[in-house]
Structures are given as C-alpha cells and as structure tokens.
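Close look at the chain arrangement
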Amino acid sequence: ADGVEDEERVEYRAFNRGLTSIRELDLRSLKNVQILNLHCNAITCLEGLESLSQLEEAILSSNEIDRMDTIGRLPKLRLLDLSCNKIRVIAGLGSLVKLEDLALAYNKISALDGLQQAW
C-alpha cells in the first residue's frame with residue numbers, strides 16, 4: 001500500500017489488493033489521512049471508515065459495498081465515490097455537511113429518496 005504525503009494533503013492508496021474490509025488496514029496509522037483511495041478491491045462494507053475523522057475524499061469505487069449508512073460519521077467529507085458497487089439504498093448523507101461530489105453510478109439503486117437528506 002502506498003502512503004503519499006505532500007505539503008497540503010495526506011493520501012493513502014491501495015488499489016486492487018484484494019481487501020475485503022476497511023478494518024484490514026492499520027486505521028490508527030491512517031488517522032490523519034485526508035484522501036483514501038481503495039478502488040478495485042473486494043470491500044463489502046464501510047465499517048471502520050468512521051475512525052478516519054480527517055477524511056475529505058473517499059474513493060471506494062469498484063468494490064462489493066452494499067450499504068452506505070455508516071458514511072454519515074465523516075463530517076469533513078467533500079468527495080465520496082461509491083460507483084460500481086452493489087448499493088441498493090441511498091442513506092447516511094444527512095450529516096455530510098461538506099459533501100460536494102457524490103458518485104453512485106453503476107450500483108443497484110432503485111430510488112433516490114436518500115438524496116434529499118444531502119440538500
């Protein structure tokens with residue numbers, strides 16, 4: 001896995017590593033991460049993500065995630081990419097007060113009800 005630190009942002013990337021859970025990561029060492037990119041793994045849920053309180057961008061596209069209701073515990077999140085997953089219901093967006101970018105393409109969403117919470 002690659003940690004990238006520049007003057008402004010702390011980023012962690014782990015592409016195509018076969019991860020099935022965010023908790024497989026050493027979350028304590030990632031506590032200051034602002035950008036998390038776990039594209040193309042086999043992650044099934046978002047549990048553990050809430051411990052990354054500094055997170056501003058979460059890229060979790062091309063995984064096996066089927067629920068997003070725990071995402072609301074990330075008050076600094078501006079960008080959320082959950083495209084190409086198995087999400088059926090949009091939920092948990094109500095407390096994402098800084099959310100600007102949301103990608104949910106190529107999921108199994110049948111209704112847009114949960115989007116009302118975001119605006």
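Preceding this paragraph is the structure being described.
Notes on the structure follow. (Residues numbered from 1 in each chain as written. Predicted model: local features only at pLDDT ≥ 70, side-chain atom pairs only at ≥ 80, totals over all residues. Heavy atoms only, no water.)

Comments concerning the pattern of salt bridges
According to the stated counting rule, one finds nine salt bridges in the structure shown. The salt bridge partner of Glu-56 is Arg-78, with a shortest N-O separation of 3.6 Å. Taken together, the residues Glu-56 in the loop between β3 (35–37) and β4 (57–59) and Arg-78 in the loop between β4 and β5 (79–81) connect sequence positions 22 residues apart. Residue classification places Arg-78 among the partly exposed residues on the basis of a relative accessible area of 24%. Two residues, Asp-69 and Arg-67, come together in a salt bridge whose shortest N-O distance is 2.4 Å. Residue Asp-69 is classed as partly exposed on the basis of its relative accessible area of 36%. One salt-bridge network, in which partners are shared between bridges, spans Arg-9, Glu-56, Glu-57 and Arg-78. (Salt bridge = Lys/Arg side-chain N within 4 Å of Asp/Glu carboxyl O. Helix = DSSP H or I, 4+ residues; strand = E, 2+ residues; numbered from the N terminus. Buried < 20%, exposed > 50% of the residue type's maximum accessible area, 1.4 Å probe, protein only.)

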